Protein chains: 2
Amino acid sequence: MFHMKRKSTAGDAAPTEAGEPFRLEAFLPYRLSVTANRMSRAFARAYAERFGLSIPEWRVMAVLGTGGPLTAAAIVERTAMDKVKVSRAVAALEAKGFLARRPHPEDRRSALLELAGPGIEVFRAIVPLARALEAELTAVLGPEDRALLSSLLARLDAHLAGLGDLALDAGDPG
Amino acid sequence: MFHMKRKSTAGDAAPTEAGEPFRLEAFLPYRLSVTANRMSRAFARAYAERFGLSIPEWRVMAVLGTGGPLTAAAIVERTAMDKVKVSRAVAALEAKGFLARRPHPEDRRSALLELAGPGIEVFRAIVPLARALEAELTAVLGPEDRALLSSLLARLDAHLAGLGDLALDAGDPG
DNA sequence: GGAATGATGTTTCATATGAAACGAAAGTCA
DNA sequence: TGACTTTCGTTTCATATGAAACATCATTCC
């Protein structure tokens, strides 16, 4: 049989060509997931060993450490984490005395959160270590490829976030 | 201007520069994790809705569908999944009649696994859909950027796998 | 051969996750 | 005002995860 009709447009000089046997290693969702998990595991271990923090906790600290006081909803937005996860991370950090809640002046359901006490110094200590570990783990890529990867991921992520919940099946979003 | 030595056009040259305030969005492990999770969620939903498969189950089918009969250990190797996860995925697929176990001729602890019955047709049906969804979700990147991303991830992943468990912190090769 | 050690795959158990239900507080509308 | 609807954050619950213990078979070394 002839395999004609290939290369329909730019869209299909694709990740995996239609006639070929399927290879998991060349499948982008797989690649992405495996690499991200490896990376996450390394960081999770480092944070846990040195600071007793989970990744969600570290992320909350990361946004609180740079942005001012934030509500939980704002943290959800900036960390791209589930609100349940944020709620639990905040509770854990509060229990450790790493952050403080202050009543929100305009909404009694909510609270303003910010780093406090030991949390402030831990944040200062963690940032350079996180950067160093990032540098070590991504050492194979030079600075340029690292930047390239980051920018590709950002573009892809924005697209995925745009697709959002809609149209993942059924309709053709375009 | 004077100190425009390396303005961030195509992204920051270094992962995160030492003097700057920490930005989670520019932190590669974060980017990677968020993007991978979004992608995974989309696929998980698609596989579940259309075929009643989890991602681990789909991955096992993916390697069995192309490679011949494999042992569980071989599947672990090729899918980069935990052996517990593989064990459970295999059990689930067997319960659905999607794969068959055959005693391993040279090792009575092990078994040879291969797609069977409905599993074969489901595999054939799923591959083009997986490819189509991949294409849709990565549509923002052109074919070239997609290939680039894939190759960057592969390099990074190989490096991470190389670091393995060792040397992530000071040194306890255990 | 037969103990000691190693490999294979399953089960146990403690933790992590997020969808959905929830109470409390705003916001909306008549 | 007094119903409604919506939003904020927490809690519940059912599921997913993997480290460690396990049973089973294989291999090594004496």
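Chemist: Can you help me understand the protein's contact with DNA strand C in this one?
Modeler: Around DNA strand C, the structure places 18 residues, and the nearest of them are R88 of chain A together with S87, R101, R109 and S110 of chain B. For DNA strand C, the backbone portion of the atoms within 4 Å of the protein, that is sugar and phosphate, comes to 51%. Here K83 of chain B contributes a side-chain N or O atom positioned 3.2 Å from a base oxygen of DNA strand C. Elements supplying a minimum of two residues to the surface near DNA strand C: α4 (83-95) of chain A together with α3 (72-79) and α4 (83-95) of chain B.

Chemist: When you look at the protein's contact with DNA strand D in this model, what are you seeing that I'm missing?
Modeler: In the region of DNA strand D, 18 residues are neighbours, and S87, R101, R109 and S110 of chain A together with R88 of chain B sit closest. Put simply, 56% of the atoms of DNA strand D that lie within 4 Å of the protein are in sugar or phosphate. Separating a base nitrogen of DNA strand D from a side-chain N or O atom of R88 of chain B is a distance of 2.6 Å. At 3.2 Å from a base oxygen of DNA strand D is found a side-chain nitrogen or oxygen belonging to R109 of chain B. Within the residue set of the surface near DNA strand D, elements represented by two or more residues are α3 (72-79) and α4 of chain A together with α4 of chain B. Of the residues forming the surface near DNA strand D, the biggest block, 4 residues, is contributed by α4 of chain A.

Chemist: Just checking my understanding: could you explain the confidence of the model for chain A for this structure?
Modeler: Interpretation of the predicted coordinates at a detailed level should be avoided for regions scoring low in pLDDT. Residue and element names in this part refer to chain A. Of all residues in chain A, 83% have pLDDT values of 70 or greater, and the mean over the chain is 86. Low pLDDT, under 50, characterises residues 1-14; the predicted model gives this stretch 5 contacts beyond four residues in sequence or across chains. This stretch, residues 165-174, has a pLDDT under 50; its non-local contacts, to residues over four places away or in other chains, come to 13 contacts.

Chemist: Help me understand the relation of the copies chain B and chain A, please; the structure alone is not making it clear to me.
Modeler: A rotation about some axis, followed by a shift along it, carries one copy of the chain onto the other. Superposition of chain B onto chain A requires a rotation of 180° combined with a translation of 0.0 Å along the rotation axis, giving an RMSD of 0.0 Å. Seen this way, the second copy is the image of the first under a two-fold rotation axis. A shared interface surface links the copies, since 97% of the contact residues of chain B are contact residues in chain A too.

Chemist: Mind showing me how you'd approach α4 of chain A here?
Modeler: All names here are of chain A. The terminal C-alpha atoms of α4 lie 18 Å apart, and with 13 residues this matches the ideal 18 Å at 1.5 Å per residue to within 8%. When α4 is considered as a whole, its buried residues turn out to be V86, A89, V90 and L93. Along the axis of α4, the buried positions cluster into a sector of 100°, meaning they face one direction only. Among the exposed residues of α4, those pointing more than 90 degrees away from its buried face are R88 and A95. Looking at the buried residues of α4, the elements they touch are α2 (55-66), α3, β1 (99-103) and β2 (111-115). Where α4 begins, the side chain of D82 points an oxygen toward the backbone nitrogen of V84, at a separation of 2.8 Å. After α4 finishes, the residue G97 shows a positive phi value of roughly 75°.

Chemist: Sorry, what's going on with the interface of chain B and chain A here?
Modeler: Reports often express the size of an interface as the amount of accessible area lost when the parts come together. Contacts between chain B and chain A engage 72 residues on the former and 73 residues on the latter. Between chain B and chain A the total buried area reaches about 6900 Å² when both faces are included, carbon and sulfur atoms providing 64% of it. We note a salt bridge from D157 of chain B to R31 of chain A, for which the minimum N-O separation is 3.0 Å. Our count for the chain B to chain A interface comes out at 18 residue pairs in polar contact (both at pLDDT 80 or more). Put simply, the parts of the chain that give the side of chain B that touches chain A at least two residues each are α1 (28-51), α2 (55-66), α3, α5 (118-137) and α6 (143-163) of chain B. Among the elements that take part in the side of chain B that touches chain A, α1 of chain B stands out by supplying 18 residues, more than any other. Across the side of chain B that touches chain A, the residue classes break down as 43 nonpolar, 10 polar and 19 charged.

Chemist: So what exactly am I meant to see when it comes to α6 of chain B here?
Modeler: Helical geometry note: an α-helix holds 3.6 residues per turn, so side chains three or four residues apart project in the same direction. Its 21 residues give α6 of chain B an end-to-end C-alpha distance of 30 Å, which sits within 8% of 30 Å, the value for a rise of 1.5 Å per residue. The complete set of buried residues in α6 of chain B reads R146, L149, S150, L152, L153, L156, D157, H159, L160 and L163 of chain B. Here the buried face of α6 of chain B lies against α1 (28-51), α5 (118-137) and α6 (143-163) of chain A together with α1 and α5 of chain B.

Chemist: How should unusual backbone geometry be read in this particular structure?
Modeler: Negative phi characterises most residues that are not glycine, and trans characterises most peptide bonds. Backbone geometry places A80 of chain A, a non-glycine residue, at a positive phi of 60°. Its location among the elements puts A80 of chain A in the loop between α3 and α4.

Chemist: Where do I start with the packing of α1 of chain B against α5 of chain B in this structure?
Modeler: Relative orientation and spacing of two packed helices are given, respectively, by the angle between their axes and the distance between those axes. Residue and element names in this part refer to chain B. Here α1 crosses α5 at 145°, and the two axes come no closer than 11 Å. Viewed along their axes, α1 and α5 form a crossing whose handedness is right-handed. In contact with M39, A42, F43, A46, Y47, R50 and F51 of α1, α5 contributes V122, A125, I126, L129, A130, L133, E134 and L137. Tallied by class, residues from the contact of α1 with α5 come to 13 nonpolar, no polar and 2 charged.

Chemist: Help me out: how do you make sense of the packing of α2 of chain B against α3 of chain B in this one?
Modeler: Residues and elements named next belong to chain B. As a packed pair, α2 and α3 sit with axes 10 Å apart at the nearest point and diverge in direction by 105°. If you check the angle between α2 and α3, you find them roughly perpendicular. Contacts between α2 and α3 involve R59, V60, V63 and L64 on the former and, on the latter, I75, R78 and T79. Partitioned by chemical class, the residues of the contact of α2 with α3 number 4 nonpolar, 1 polar and 2 charged.

Rules and cut-offs
- Along each chain, residue indices are assigned from 1 in the same order as the chain's sequence is written.
- By the order in which they are written, chains take letters starting at A while ligands take numbers starting at 1.
- Per-residue local features of the predicted model are confined to residues with pLDDT of at least 70, and side-chain atom pairs are confined, for both listing and counting, to 80 or more; whole-chain, interface and lining totals are unaffected and use all residues.
- In computing side-chain properties, one takes all heavy atoms of the structure into account and sets aside hydrogens as well as water.
- Here a residue is considered near a molecule or strand provided that any single heavy atom belonging to it is located within 4 Å of it.
- Counted as a polar contact is a pair of N or O atoms within 3.5 Å, where, for protein atoms, one must be capable of donating a hydrogen and the other of accepting one, and residues adjacent in sequence contribute only when both atoms are in side chains.
- Here a helix means four or more residues in a row that DSSP labels H or I, a strand means two or more in a row labelled E, and each is numbered from the N terminus.
- pLDDT expresses, on a scale from 0 to 100, how confident the predictor is about each individual residue.
- Should any heavy atoms of two residues lie within 4.5 Å, those residues are considered in contact.
- Residues below a pLDDT of 70 in either copy are left out; the C-alpha atoms of the rest, at least 70 in both, set the least-squares superposition of the copies.
- By definition here, a helix of n residues has an expected span of 1.5 Å times n minus one.
- Buried residues are those whose accessible area, probed at 1.4 Å on protein chains only, stays under 20% of the maximum for their type, while exposed residues exceed 50% and partly exposed ones sit between those limits.
- Comment: arc refers to directions from the helix axis out to C-beta atoms.
- A simple way to read buried area is as the amount of 1.4 Å-probe accessible surface that goes missing from two parts once joined, with both sides added.
- By definition here, a salt bridge exists when the distance from a side-chain nitrogen of Lys or Arg to a carboxyl oxygen of Asp or Glu is within 4 Å.
- Each residue is assigned to one class: nonpolar for Ala, Val, Leu, Ile, Met, Phe, Trp, Tyr, Cys and Pro, charged for Asp, Glu, Lys and Arg, and polar for all the others, Gly among them.
- Only the stretch in contact is used when a helix axis is fitted, and all axes are lines through C-alpha atoms; the angle between N-to-C directions ranges over 0 to 180 degrees.
- We call a crossing left-handed when the near helix sits turned anticlockwise from the far one by less than a right angle, and right-handed when that turn is clockwise.
- Our angle categories are set so that under 35 degrees counts as roughly parallel, over 145 as roughly antiparallel, 65 to 115 as roughly perpendicular, and the remainder as oblique.

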